[in-house]
Amino acid sequence: MAFKQPEDVFIILLRSAYRNARHSAYPSTPLSTGISKSRTFARPLSSVAACRAIRNRPIGPRATRTRTNRLTQTPRLTFATVRGENENDKPRDIAILGGGITGLTAAHYLARYAPNANITLYEGSRRLGGWINGELKTVGDGEYDKVLFQRGPRVLRPGGWSINYSELVFYDVLASLNLRSQVLSFSSGSRYIYYPDHLVRLPSQIITPDNIKFAIRSYLSEPLYDGITKSILNTYLFKPYAKQLASESLEDVFARDESIGEFLVNTFQDDRVVNNIASAIAHGIYGGDVYKLSAKQSFLEHMWRRSRYPGPSGKQILEEKEMTLLHDIMDGDYRFEVIRIAEEMPRFKSIGFKDGLLTLVDALTKDLEHRKNVTIKRRSRVTSLAHKNGKMLVTTEDASGRTEPYDKVVCTLFSKHLAELVEPKGLLPSLADTHAVTMMVVNLWYPNPNLLVGKAGFGYLVPTSTPNNNDEYVLGVLFDSWMQPTSEIPGTKLTVMLGGHYWDGWEHFPSEEMGKQMAIQAVQRHLDIGQDEKVFASARLCRDCLPQHYVGHRERMSKAHYELLTAFKGQLTVAGPSYTSIGVIPAMRAGFDAGMRVARGHGPPFFRRLDPKDSWFPSWERKKWARPNDHIGQTGLEGFTQSPISNLCAEYRSELYLKGTADQFHRFINNKGEWMQLDEYRELMIDHDLPDDYDGAIGKPGFGGPKRQRNRAANGGKGNEKKKS
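Residues numbered from 1 in each chain as written. Predicted model: local features only at pLDDT ≥ 70, side-chain atom pairs only at ≥ 80, totals over all residues. Heavy atoms only, no water.

A short note on the overall build of the protein chain
- A tally of regular secondary structure across the protein chain gives 24 helices and 22 strands.
- A total of 725 residues make up the protein chain; the buried ones form 59% of that total.
- Long-range pairs, those at least 24 residues apart, make up 76% of the contacts in the protein chain between residues at least 6 apart in sequence.
- Of the accessible surface of the protein chain, which amounts to about 29,600 Å², a share of 51% is contributed by carbon and sulfur atoms. (Helix = DSSP H or I, 4+ residues; strand = E, 2+ residues; numbered from the N terminus. Buried < 20%, exposed > 50% of the residue type's maximum accessible area, 1.4 Å probe, protein only. Contact = heavy atoms within 4.5 Å. Areas by Shrake-Rupley, 256 points an atom, 1.4 Å probe, with all protein chains shown as cover.)

Shown next as structure tokens:
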């Protein structure tokens, strides 16, 4: 339902205003403690942080060669884990509430790695997949005159350039379900913003003379860009907000929350870019109000974090849990398939399937239906949830209407709905205080295939500043027929999103018939479509479909963690976009985290191979990343109770495996699409005059592909010789 590449638009527009994930404009800083004392704006360490920094010195010369810089962190207990180990070997009854993509993913990993569990998946409707939904509609008299109307997300952005590794869960699911061959890449095309009364094409990422000329001409002529120059100067040159933050302690500035709007206005010292551009992006992702959404829980998380701590030059600041996930998946059952998928994804802008994401939902559903330890109960809406005598009691309104006891429940429902379900009432006040927006999704199909001539692209967003031209409360419009071409009958297909935060507080929403008329009227004006054009329309009201992470979200989730522990004694785990990031891939990551935490009985790392020669973790690296890093806990919200700076680390972008920023020494696939071999690596070492003990992809078990790994296993682990220059 939301645009999946909003960052692209924003970063292109403000490229010189702040650093994106691939480049840093900050000067080089020392790496001794992770917090520089020689920054332009010095910030003292607290006494507690200073003690931690002393305690967490580099663990040896080999660790130093990785050039990894860890920020201050709290001490953790260590324990040994082995692949396939489960804390509880006795049979367990586990319920999953909600059959959306989070619930399906949680059930998928529970079924794979908790064979001792009897898993029951409850879904209130007749179908699974949640907001990933679509159906064929007849638009003509012929047998094949049908088009697919999709009412939810239909394309994904690969994670090759992101600042986390959540996409590896998606790739692991693709590998386990054998779906890689069905994945298609789609052109991202042009993006537009409707302001003030026409579509404004945004600059392209592709640098060509024509694109540069267009960007300059548009910048000078379009009122959409009012305030850009001032914003750039205040962000890059004068830096009033950076100076203010640098005068405060690191702990204080990381603890303080602010809205997206407040953060950007403070940074730019101007609200025009916020109202014209940032508000449009917030509409595309969240359907939300830019002045209510938390900046540090949003698509600006990286920019927000860097405003507090720029970090060393050339390094990426990210959470430790991301590096732990990388190592976890790379010790998993499908690591070779995951490596191959991940290595090719940075080339693509958007990916999906021929039917959007319905193929993914169908494959997960079929897989669960064929597993003996999984029961799926459709049309079984949960009416109450209670804890009694050491059991979780789940009551439904299905035909049986019975109350079933479970040892553990994983709830993926909207957080406020969960707060309303629990018995006795009032046990989860922090979750009751959460909010989600309601939207109307309207699909339009015009028999005329030429309505987007001169306007081809992904679609457009409508900012809050559009003056007196958004009476229909349009958030954005997707150009489906251009973005995702199929073999359907020729025509122009659009998806219009209405409502969102504009409808907050409404007791009654427009009917679906009224929504159709509102959408048709809006696109006629926005796209110059004649009133006499024939159109087929379908609408669906999506209540509470997009949770809103308002300012203070982290603190609310921290309180909710303790409320859940107190009321349900660690037997209720929550997961999904109510708590963590919005989007299909983040939702799958949440399902993975919850499912594996319940399956294993402890936090990550979840996968460890017994043979060190066959593990992603060499002995020195095990000491670093193989420690328990439980951001999930018994409730799913443990990470919100931890200090926001205690689990940060700094990694060189060139050494981030499986990312588009990785250099050739940290890749597994060469330019020909083949597995890198020793001879190729040795040639690179000689060409770049690197020492023979320089580590990279060759030190990992995935190097050389599965064939070389089988040879190493047959030779007792040999065959991973050091390079010689």
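Some remarks on the nonpolar core
- Ranked by internal contacts, the top residues of the largest apolar core, which has 85 residues, are Leu 168, Phe 170, Tyr 171, Leu 360, Phe 592, Leu 658 and Phe 668.
- Among the elements that line this core, the one with the most residues is helix H21 (residues 584-600), at 10 residues.
- Setting aside its immediate chain neighbours within four residues, Leu 658 contacts Leu 168, Leu 326, Met 330, Ile 339, Ala 342, Glu 343 and Phe 668.
- Residues Leu 245, Leu 250, Val 274 and Tyr 309 belong to the second largest nonpolar core, which totals 48 residues. (Core = buried A, V, L, I, M, F, W, Y, C linked by side-chain atoms within 4.5 Å.)

What about the pairing of strand E12 (residues 382-388)?
- Judged from the 6 bridges that link them, E12 and strand E13 (residues 391-396) form a sheet pairing that is antiparallel. Residue Ser 384 lies in a different strand from E13, and its bridge partner there is Thr 395.
- Counted between consecutive antiparallel strands, the loop separating E12 from E13 contains 2 residues, among which Asn 389 sits at a positive phi close to 55 degrees. (Pairing = 2+ DSSP bridges.)

Description of the sheet that holds strand E15 (residues 408-411)
- Overall, parallel pairing links the 5 strands, which are arranged E11-E3-E2-E15-E21 in an open sheet. Edge positions in the sheet fall to strand E11 (374-377) and strand E21 (572-574), since each of these pairs with one other strand and no more. Going from strand to strand, the sheet's axes swing by 20 degrees on average, the running direction of each strand aside. (Axes fitted to C-alpha atoms, helices over the stretch in contact; angles between N-to-C directions.)

Brief notes about the packing of aromatic side chains
- Taken as a whole, this structure holds 21 aromatic pairs when the rule is applied.
- Judged by centre distance (5.9 Å) and plane angle (80 degrees), the ring pair of Phe 665 and Tyr 681 falls under edge-to-face. Taken as a pair, Phe 665 in the loop between strand E22 (648-652) and helix H23 (678-687) and Tyr 681 in helix H23 lie far apart in primary sequence, 16 residues in all.
- Residue classification places Phe 665 among the buried positions, given a relative accessible area of 6%.
- Residue classification places Tyr 681 among the buried positions, given a relative accessible area of 0%.
- Judged by centre distance (5.6 Å) and plane angle (85 degrees), the ring pair of Tyr 681 and Phe 703 falls under edge-to-face. Remark: Phe 703 occurs in the loop between H23 and helix H24 (705-714) and Tyr 681 occurs in helix H23; sequence separation between them is 22 residues.
- Feature note: the residues Tyr 109, Tyr 113, Phe 592, Phe 606 and Phe 607 constitute an aromatic cluster, connected by ring pairs.
- For Arg 191, the ring lying beneath its charged end belongs to Phe 458, and the centroid distance is 4.4 Å. (Phe/Tyr/Trp six-rings, centres within 6.5 Å; stacked < 30°, edge-to-face > 60°. Lys NZ or Arg CZ within 6 Å of the ring centre and 35° of its normal.)

Focus on the sheet that holds strand E19 (residues 492-499)
- Here we have 7 strands laid out as an open sheet, ordered E8-E7-E17-E18-E19-E16-E20, and mixed in their pairing. The open sheet has two free edges, formed respectively by strand E8 (199-201) and strand E20 (536-548), since each of these has just one partner strand. Along the sheet, successive strands turn relative to each other by an average axial angle of 25 degrees, direction set aside.
- Pairing between strand E7 (residues 191-194) and strand E17 (residues 459-461): 3 bridges, direction parallel. Bridge pairing in E17 links Ile 193 to Leu 461.

What to know about the state of the cysteines
- For the coordinates displayed, the defined rule picks out 0 disulfides.
- Note on Cys 545: no disulfide assigned, nearest cysteine sulfur contributed by Cys 542 at a separation of 5.1 Å.
- The exposure class of Cys 545 is buried, given its relative accessible area of 5%. (Disulfide = S-S within 2.5 Å.)

Re the packing of helix H10 (residues 260-268) against helix H11 (residues 272-285)
- The interhelical angle for the contact between H10 and H11, taken along N-to-C directions, is 135 degrees, at an axis separation of 9 Å. Here H10 lies oblique to H11, going by the angle between them. Crossing of H10 against H11: the hand is right-handed. Contact residues: H10 offers Gly 261, Leu 264, Val 265 and Phe 268, while H11 offers Val 273, Val 274 and Ala 278. (Parallel < 35°, antiparallel > 145°, perpendicular 65-115°, else oblique. Left-handed = near helix turned anticlockwise from the far one by under 90°.)

Regarding the pattern of salt bridges
- Taken as a whole, this structure holds 29 salt bridges when the rule is applied.
- Arg 608 serves as the salt-bridge partner of Asp 331, at 3.9 Å between the closest nitrogen and oxygen. Pair noted here: Asp 331 is in the loop between helix H13 (320-330) and helix H14 (335-344) and Arg 608 is in the loop between H21 and helix H22 (619-625), with a separation of 277 residues, a long-range link.
- Residue class for Arg 608 comes out buried when judged on its relative accessible area of 3%.
- Its salt-bridge partner being Asp 367, residue Arg 371 comes within 3.0 Å of it at the nearest N-O pair.
- By sharing partners, the salt bridges in this structure join Glu 135, Lys 137 and Arg 151 into a single network. (Salt bridge = Lys/Arg side-chain N within 4 Å of Asp/Glu carboxyl O.)

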